[in-house]
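What the coordinates show
Spelled out, the chains give:
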Amino acid sequence: MTPLAHFAEPYAPQGNIDARAADRAIGRPQLDPWDVFLRETVQNSWDARSGGDAQVRYCVDAFWPDREKVRILRETVFADVPETSELLEFINGHEDTQPLLVVTDSGTKGLGGPTRADRVTDEATDFIDFVRNVGRAADKQLGGGTYGFGKGTLWGMSSCATVLIYTKSTYRGRPVSRFIAMAHTDPYSDGKLKYTGRHWWGRSDPDTLIEPIDGTDADQLAESLGMTRLRGEATGTSLMVLGPVATDTAETVEAVIRRLASSALWWAWPHMVDGTIDFEFTADGAQVPVGRPDDHTAVRHLAEAYRRATLATERAEDWPWTQDVLRMQRPPLRLGTLAWRRVQRDDLVSGDDAPVQLSAHVALMRRPRLVVRYLPVREDPNGQGTVGVFIAEDDLNDRFAKAEPVAHDDWSASNMGLPKGTRNPVKKALELIKESFVAAAVSIGGGDGSSVQQPGLVRLATAMGDLVLGTGDAGYIRPKNSSGGGTRSLSVRVVGTPRLELVDGRPVARFEVETNVPSSAGLPVRVAVEPHVLTETGPDRDSALEQPEILKLELGEGFNEARRGILVDLPGRRSFSVLVSVPMDTAVALAVSAQEEAD
């Protein structure tokens, strides 16, 4: 075969992004590099699925090339290599330093559409987006993400920043096979022109300067290099990473494959549960097993939580499981479903290769059904472990996607760029998830000495001001003293911490209210008590919200219930109790005030 032509991208007069900057666009994820690699490539494969109920097949093969493959790389693919490129050192190196790693997906569309990026088209632009462009339009409708910068991890995990791309797809209704190689180097100059560091090897073209080789030439070249998974497949894509890099967690080719297999279990297990992606990993031709979610000590609990969350339509208790549908009240919006349970700590042993050691965690995910992150939640006060799954509502998929950084490994409400004061569904969802476990830890006295767990009590505050959330079940602010009439020492306040009780099966907050009526005050003194919902921005008396109600007043000597409040007939310091209903998933507060009755 004729050696491939080389094209180095020069800077345009108006400027370009350089290759290394594009690679760095993914930022510095907290995850292991091979975890990032697995997540990005699986997400790309899932985005490219053919549609319908067809299963995606995702395979990773690592191997040491024989002399013939090395010869083809040197003489056919990379006959023309920049002298300062790391690729030159790799190509000319010893066979023992030239491992190859191939990621292949089938049951996918492949990289179809046109090959030039400057023309308007109504066809899919998958080849252009992956091979030509940097980034991706935010409005491109893909299941996984909104960036397209994540592909930089492929070059980042190559010791010579070089990737070979072989794809079988369609263009204008006809099947096409394409092969092209890409490498990234530092920007450089040849004394006349400056270059971005982006390089391609393919077929010279007078218009685009470089095109992929196609047809049987592409098929035969890919086959000769060991990219054999698409043999007999109609469509799909193979990506060969030259010289997969060693990391702290994977120092050999075999260790890299084991790491990727473990990563698939921890980040893509929902697809294993659903049977939507079939995973296979090999090292030098030997199968490396992928764990099954239902067979893993810890992941089996996540798998069951996932099944329950996908079916949840309303809050339900099915011991030891709790399922809930999380909602915003203003505007009315279903945010997603949460399913969780307590388990023995021994059941959450994750293993040394796990990306997180589970203790009290909820797996967050949205429509691509890849775990975004394992969110730490409040520990069980009784020492048990906690495991759960939250699935964002499909209709909100785009909003949750905008909350993710380029690596798609977190939900940060600040990433959404919403106008100040706009209700943020991602922020609210995260709050409700965490509050669910604060609530689960609140012990409520049943009146008979017993104690029960009541998840509906999210938090309480006794305040005439803002809510303060602390590290415990709730934070409290001492209310300001209220005074009226002509004496500054007349006061009323809520004292102590509200007691949470069950009354006829309903969650109730018991507030203790203390009055201080000096002897000089005119009697009677009228005390007003008003329960209300409390949000982070203060009292919320919106009639659209379910508001707390006074269920009972427990009054002692010197107090009399009146049509408007409570009358205090005796001077001195004394107290009474107010029992207030607690609506589901709300914080309640009690506003109190006192004034002398006019003569």
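In this text, all values refer to a predicted model and were calculated from it rather than measured experimentally. (Residues numbered from 1 in each chain as written. Predicted model: local features only at pLDDT ≥ 70, side-chain atom pairs only at ≥ 80, totals over all residues. Heavy atoms only, no water.)

1. A short note on the overall build of the protein chain
- Looking only at helices and strands, one finds 11 helices and 30 strands in the protein chain.
- Of all 599 residues assigned to the protein chain, the portion counted as buried reaches 54%.
- Accessible surface for the protein chain amounts to roughly 27,300 Å². Of this, 46% is attributable to carbon and sulfur atoms. (Helix = DSSP H or I, 4+ residues; strand = E, 2+ residues; numbered from the N terminus. Buried < 20%, exposed > 50% of the residue type's maximum accessible area, 1.4 Å probe, protein only. Areas by Shrake-Rupley, 256 points an atom, 1.4 Å probe, with all protein chains shown as cover.)

2. Things to note about the packing of aromatic side chains
- Enumeration over the complete set of coordinates arrives at 15 aromatic pairs.
- With a centroid separation of 6.3 Å and 40° between ring planes, the pair formed by Phe-130 and Trp-155 is classed as tilted. With Phe-130 in helix H5 (residues 126–132) and Trp-155 in helix H6 (residues 152–156), the pair connects residues that are 25 residues apart, well separated along the chain. (Phe/Tyr/Trp six-rings, centres within 6.5 Å; stacked < 30°, edge-to-face > 60°.)

3. A look at the packing of helix H8 (residues 253–274) against helix H9 (residues 299–311)
- Relative to each other, H8 and H9 sit at 50°, their axes nearing to 10 Å. By the angle between their axes, H8 is oblique relative to H9. The two elements H8 and H9 cross, and the hand of that crossing is right-handed. Each of Leu-265, Trp-266, Trp-269, Pro-270, Val-273 and Asp-274 in H8 lies in contact with H9, whose residues at this interface are Val-299, Leu-302, Ala-303, Tyr-306 and Arg-307.
- For the contact of H8 with H9, the per-class residue count stands at 9 nonpolar, no polar and 2 charged. (Axes fitted to C-alpha atoms, helices over the stretch in contact; angles between N-to-C directions. Parallel < 35°, antiparallel > 145°, perpendicular 65-115°, else oblique. Left-handed = near helix turned anticlockwise from the far one by under 90°. Contact = heavy atoms within 4.5 Å. Nonpolar A, V, L, I, M, F, W, Y, C, P; charged D, E, K, R; others polar.)

4. Describing the sheet that holds strand S16 (residues 360–365)
- Ordered in space as S13-S14-S15-S18-S16-S17, the 6 strands form an open sheet in which the pairing is mixed. Edge positions in the open sheet fall to strand S13 (316–318) and strand S17 (371–376), since each of these has one partner strand only. When the angles between neighbouring strand axes are averaged without regard to direction, this sheet yields 20°.
- In the sheet, S16 pairs with S17 via 5 bridges, with the strands oriented antiparallel. Each bridged residue has a counterpart across the sheet, and for Met-365 the counterpart in S17 is Val-371.
- Those strands touched by H8 are S16, S17 and strand S18 (385–392), and its axis lies near 115° from that of S17. (Pairing = 2+ DSSP bridges.)

5. So, the pattern of salt bridges
- If you walk through the whole model with that rule in mind, you get 33 salt bridges.
- When the shortest N-O distance is used, the salt bridge between Glu-9 and Arg-198 registers 3.1 Å. On the criterion of sequence distance, the pair formed by Glu-9 in strand S1 (residues 5–10) and Arg-198 in strand S7 (residues 194–205) is long-range, its members being 189 residues apart. The exposure classification of Glu-9 matches that of Arg-198, with both residues buried.
- One salt bridge connects Arg-300 with Asp-347, and the closest N-O pair in it is separated by 3.7 Å. Of this pair, Arg-300 sits in helix H9 while Asp-347 sits in the loop between strand S15 (333–343) and S16, and the two are 47 residues apart along the sequence. (Salt bridge = Lys/Arg side-chain N within 4 Å of Asp/Glu carboxyl O.)

6. Observations concerning the environment of Leu-370
- Mapped onto the secondary structure, Leu-370 falls in the loop between S16 and S17.
- Expressed as a C-alpha distance, the spacing of Leu-370 and Trp-266, which sit 104 residues apart in the sequence, is 9.3 Å.
- When residues no more than four places from it in sequence are discounted, the contact partners of Leu-370 are Arg-39, Val-42, Gln-43, Trp-267, Ala-268, His-271, Leu-364 and Met-365.

7. Quick notes on the pairing of strand S10 (residues 236–242)
- Counting buried positions over the 7 residues of S10 gives 7, a clear majority of the element.
- Burial along S10 is two-sided: Gly-236, Ser-238, Met-240 and Leu-242 facing one way and Thr-237, Leu-239 and Val-241 facing the other are all buried.
- Strand direction decides the pairing type here: strand S3 (residues 100–106) and S10, joined by 7 bridges, are antiparallel. Looking across to S10, one finds that Asp-105 is bridged to Thr-237.
- Pairing geometry for strand S4 (residues 162–171) and S10, over 6 bridges, is antiparallel. Across the sheet, residue Lys-168 finds its bridge partner in S10, namely Gly-236.

8. As for the pairing of S15
- For S15, the tally of buried residues reaches 9 of 11 residues, placing the bulk of the element in the interior.
- Note that strand S14 (residues 321–328) and S15 share 8 bridges and pair antiparallel. Bridge pairing in S15 places Asp-324 opposite Leu-338.
- The antiparallel pairing of S14 with S15 creates a hairpin that spans 4 residues between the two strands.
- Bridging between S15 and S18 involves 8 bridges; their strand directions are antiparallel. Looking across to S18, one finds that Thr-337 is bridged to Ile-391.

These values are about where atoms sit, not about what they do.
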